[in-house]
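# Commentary on secondary and tertiary structure
Chain residues, written in single-letter form:
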Amino acid sequence: MSEIAVIDIGTTKIAFASAKIENAKLKINFLRSYSSAGLKKGKIVDMEAMSTSIKRALQDIETTTGLKVKKAYVCVSGNDIKGMYSNAAVRVRKKEVTEQDIDLAIEAATAMRIPSDRQAVHILPVEFIVDGVNGIKDPVGMKALRLEARVYIITASSSHIQNIVTCCNKAGVEVEEIVLQSIASSEATLTEHDREIGTVVVDIGGGSTDIAVFQDGYLKHVATYGIGGNHITNDLAIGLKIPFREAERIKTQFAVAMPDVSFGTLKFKENEKEIEIVGLDKHSIKIPLNVIKEIVYARCEEILEIIKKEIDSIPLDSISSAVFTGGTSLLQGFISLAEGFLSIPARIGKPDAGLMEMAYELGLDETPFNEEEIEGIYHPEFSSTIGSFIYAIKTRDFNDSTSGFERVFNRIAMWFEKGLKKFI
Ligand SMILES: Nc1ncnc2c1ncn2[C@@H]1O[C@H](COP(=O)(O)OP(=O)(O)OP(=O)(O)O)[C@@H](O)[C@H]1O
Ligand SMILES: [Mg+2]
C-alpha cells in the first residue's frame, strides 16, 4: 500500500490532501484547508509564522485522522519562475532506438548550467526528434541514426525553495518534492484536448497569479506574478474605508468583475442598488454597488492585462482557450470579463476534471474520492492541491498500479527523477 500526502502552501490557506493506493485502487481520503501565515504576494515574509501554521495544520490532521504526516509533496507558487528549453542529440548506437539511447539523450539535454541563485524544480519532457522528424513521444524501436531530446526546465529562486523546505522541516515534515502551483493546477484542470489545442491555465489565488501555457500536448511557457484576490480585497478595504474582513465579505457576496453586467443571481431590485457595510468605526454605511464594481473592475483589468501581455510575449500560433482556477476565478463576472479581454473562450477549472481523467488513464473502475466526504474536489481553490496529488501519482512508480498506468507515465517519471536528482 502507498500513501501520498500533499501540503499546498498558499497565501490565504494551507490545504492538505492525503490518499491511499492499494490493490490498484486509489482513494483520496482527506482534503481540508487551514489558515496560512507568512506569505505575501507569493513570497515568504515570515518563516516562523509559516512553519507554525504548517505545524498547526499537521497537528489537526493527526488529531482528526490519526495520520502522522512525515513526508509530503509540497505545492508552492513559484516566485520568479523561469522556463527554458534545452535540446541535446546523441548517435543511435545500434541503428534502432533503445531505452539507453533515450536515457543518454535526456541526460545530455538536462546537463545545462543553472545560475547559483536558481534551482531547477521541474524538468518536463517535450519531444524527441528522430533523424530530423520532430513531435515524437516514444521513439523506442524506431530505426534511426540520430536521436534528439527536448526538455523544458523550470527554475525558481533557490532561496525561496530552500526557505519553504526549511519551514516544512521545522514543522516536522519532510519535503518529498516541490510542485509549482502552475504545474499542479494544470494537472488538475486540463484535459488532453486542452493541451493539444493550445490553452492557457491561470491560477489566481489570494497572493499570486500562476500562468501555464500548453500547445501541441506540451507545456510551452510558465510565469508567476505576485498579484491576486487579496489585492482586490485590499482595494475595497482602502477605497471604502472598511476592515479587510468586511471587504472580503463584500467581495465574495456582492462584487462583480464587469462594469456593465446585471447582478446575476443577486436579489437586488433596480432601485435598491445600495448595500450596508460595517465601516472601520463599526457603524453601518450604505455604499452603492456601482462603487464596488468600479474598484473591483480596475484590479481585474490589471490582472487580465498582465495575463494578456504574458500570452502575447510567447511565440505561439494561437491559443484557443483559457482555464481560470484558484479562489479568485469564482469572482462573479470574471470569466465573461476574461473572455472579452483575451478574445478566447474561458471557463473555470475545477480539480475533479483532472482527477477523473487520471482515474481513466489508470484504468480505475471506481471514483477516486467519496463525493460527500471530499466536496472540495469541486472547488477551484483546491486545484493546485489535487493537481499536486495527480502529479505525485504520475511521477511515482507504484508497485500496485495497473500496467496501463505504468505504460503511460513511467517514462515521464524517469525523466523527472533523473532531472531532479541532478539539480536539487
Ligand atoms: N466567491 C468568491 N468570489 C471572489 N473571490 C473569492 C471567492 N472565493 C474565494 N475567493 C478569493 O480567492 C482567494 C483565495 O484563493 P486560493 O485559495 O486559491 O488562494 P491561495 O492558494 O491561498 O493563495 P496563492 O495561491 O495565491 O498563494 C482569496 O483572495 C479569496 O477572497
Ligand atoms: Mg494557491
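Everything discussed here concerns the structure shown above.
Numbers given to residues run from 1 along each chain, matching the order in which its sequence is written. Chains and ligands are labelled sequentially in the order written, the chains with letters from A and the ligands with numbers from 1. Only residues with pLDDT of 70 or above have their local features reported here, since the model is predicted, and side-chain atom pairs are shown and tallied only from 80 upward, although totals for entire chains, interfaces and linings are computed over all residues. Each side-chain value is worked out from all heavy atoms of the structure, with water and hydrogens disregarded.

Now for the state of the cysteines. By disulfide we mean two sulfur atoms from cysteines, separated by a distance within 2.5 Å. Counted according to the given criterion, the structure contains 0 disulfides. Looking at Cys168, it has no disulfide partner, and the nearest cysteine sulfur is the one in Cys167, 6.9 Å off.

Proteins that are soluble and globular tend to have nonpolar side chains buried together. Residue types Ala, Val, Leu, Ile, Met, Phe, Trp, Tyr and Cys, when buried and joined through side-chain atoms within 4.5 Å, form a set referred to as a nonpolar core. Burial here depends on accessible area, computed with a 1.4 Å probe over protein chains only, as a share of the maximum for the residue type. Under 20% is buried, over 50% is exposed, and the range in between is partly exposed. Within the largest apolar cluster, 71 residues are counted, with the highest numbers of intra-cluster contacts made by Ile7, Ile9 and Ile54. Counting 45 residues, the second-largest nonpolar core is a separate cluster that includes Ile211, Val213, Ile250 and Ile319.

With that settled, consider the layout of surface pockets. A pocket, in this scheme, is an open set of points on a 1 Å grid over the protein atoms alone with protein on both sides within 12 Å along at least 5 of 7 lines, while a cavity is a set where a 1.4 Å probe fits but cannot get out; residues line either one if an atom lies within 4 Å of a point. Grid points are joined across faces, edges and corners, and a volume is the space filled by probe spheres set on the points. Its boundaries defined by the atoms lining it, the second largest pocket holds a volume of some 650 Å³. Around the second largest pocket, the lining comprises 34 residues; the ones closest to its centre are Thr12, Gly206, Glu248, Lys251 and Gly327. Under the scheme used here, helices are H or I runs from DSSP no shorter than 4 residues and strands are E runs no shorter than 2 residues, and both carry numbers assigned from the N terminus. Of all the secondary structure elements, the ones that give two or more residues to the lining of the second largest pocket are strand 1 (2-9), helix 6 (229-240) and helix 7 (244-254). The dominant element in the lining of the second largest pocket, judged by the number of residues it contributes, is helix 7, at 5 residues. Considered class by class, the residues forming the lining of the second largest pocket number 8 nonpolar, 19 polar and 7 charged. As a working rule, the residues Ala, Val, Leu, Ile, Met, Phe, Trp, Tyr, Cys and Pro are called nonpolar, Asp, Glu, Lys and Arg charged, and the rest polar, with Gly in that last group.

One heavy atom within 4 Å of a molecule or strand is enough for the residue carrying it to be called near that molecule or strand. Inspection of the region around ligand 1 gives 20 residues, with Thr11, Thr12, Ser208, Glu248 and Lys251 positioned closest. Contact between ligand 1 and Gly206: an oxygen atom at 3.0 Å from a main-chain N or O atom of the residue. Two N or O atoms form a polar contact when they lie within 3.5 Å of each other; inside protein one atom must be a possible hydrogen donor and the other a possible acceptor, and for residues adjacent in sequence the pair counts only when both atoms belong to side chains. Glu248 is positioned with one of its side-chain polar atoms (N or O) 2.3 Å from an oxygen atom of ligand 1. When ligand 1 is considered free in solution it has 660 Å² of accessible area, and contact with the protein chains removes 89% of it. Assignment to a cavity or pocket requires that more than half of a molecule's atoms be within 2 Å of the site's grid points. A majority-of-atoms criterion places ligand 1 in the second largest pocket. When contributions to the shell around ligand 1 are tallied by element, the ones reaching two or more residues are helix 6 and helix 7. Take the shell around ligand 1: its biggest share by element is 3 residues, from helix 7. For the shell around ligand 1, the residue count by class is 2 nonpolar, 14 polar and 4 charged. Methods summary: accessible areas were calculated by the Shrake-Rupley approach with a probe of 1.4 Å, and residue burial reflects only the protein chains presented.

Moving on, we get to the side chain of Ser86. As for its position among the elements, Ser86 is in strand 7 (residues 82-91). From its side chain, Ser86 meets the backbone oxygen of Ala109 in a polar contact 2.5 Å long. Not counting residues up to four positions away in its chain, the partners in contact with Ser86 are Ala109, Met112, Ala149, Arg150, Val151 and Ile153. The contact rule is simple, with two residues in contact once any of their heavy atoms fall within 4.5 Å.

Right, let's talk about the pattern of salt bridges for a bit. A pair can form between side chains of opposite charge whenever their charged atoms are brought close. Each reported salt bridge corresponds to a side-chain nitrogen of Lys or Arg within 4 Å of a carboxyl oxygen of Asp or Glu. Evaluated as defined, the whole model comprises 20 salt bridges. Put simply, Lys394 and Glu187 hold a salt bridge, and the shortest N to O gap is 2.7 Å. Of the two residues, Lys394 is situated in helix 11 (residues 383-395) and Glu187 in helix 4 (residues 181-189); the sequence distance between them amounts to 207 residues. The two residues Lys394 and Glu187 agree in class, both being buried. Several salt bridges share partner residues, and in doing so they unite Glu187, Glu192, Arg195 and Lys394 into one network.

In this section: the side chain of Thr189. With respect to the helices and strands, the residue Thr189 is situated in helix 4. Looking at Thr189, the relative accessible area reads 1%, which means it is buried. A distance of 2.8 Å separates a polar side-chain atom of Thr189 from the backbone oxygen of Ser185. Those residues in contact with Thr189, other than ones at most four positions away along the chain, are Asp194, Val201, Val323, Thr325, Arg347, Gly349, Lys350, Ala353 and Ser383.

A word on the packing of helix 6 against helix 7. Across the interface, helix 6 lies against helix 7 with an axial gap of 8 Å and an inter-helix angle of 110°. Judged by the inter-axis angle, helix 6 sits roughly perpendicular to helix 7. Crossing handedness for the pair helix 6 and helix 7: right-handed. Contact with helix 6, carried on its side by Gly229, Asn230, Ile232, Thr233, Asn234, Leu236 and Ala237, involves Phe244, Ala247, Glu248 and Lys251 of helix 7 and no other residues of that element. In the contact of helix 6 with helix 7, the residues fall into 5 nonpolar, 4 polar and 2 charged. Helix axes are fitted only over the stretch in contact, all axes being lines through C-alpha atoms; the angle between N-to-C directions runs from 0 to 180 degrees. Any angle between 65 and 115 degrees counts as roughly perpendicular, while under 35 counts as roughly parallel, over 145 as roughly antiparallel, and the rest as oblique. Less than a right angle of anticlockwise turn of the near helix away from the far helix marks a crossing as left-handed, whereas a clockwise turn marks it as right-handed.

Within the secondary structure, Asn370 is located in the loop between helix 10 (351-362) and helix 11. It is 7.7 Å that separates the C-alpha atoms of Asn370 and Asn29, two residues lying 341 residues apart in sequence.

To continue, consider the packing of aromatic side chains. Between 30 and 60 degrees the pair is tilted, below 30 it is stacked and above 60 it is edge-to-face, where a pair is any two Phe, Tyr or Trp rings, Trp via its six-membered ring, whose centres lie within 6.5 Å. Scanning the model with the defined rule gives 3 aromatic pairs in all. Should the NZ of a Lys or the CZ of an Arg lie within 6 Å of a ring centre and within 35 degrees of the ring normal, that charge is described as sitting over the ring. In this structure, Arg150 packs its charged tip against the face of Tyr85, placed 4.1 Å from the ring centre. The ring of Phe214 is capped by Arg195, whose NZ or CZ atom sits 5.1 Å from the centre of that ring.

Here 4 strands make up an open sheet; going across it, the order is 7-10-8-9 and the pairing antiparallel. At either end of the open sheet lies a strand with only one pairing partner, and these are strand 7 and strand 9 (133-136). Direction aside, the axes of adjacent strands within the sheet are offset by 35° on average. Strand pairing follows a simple DSSP-based rule, namely that at least 2 bridges must link the two strands. Pairing between strand 8 (residues 118-130) and strand 10 (residues 146-157): 11 bridges, direction antiparallel. Along strand 10, the bridge assignment pairs Val130 with Leu147.

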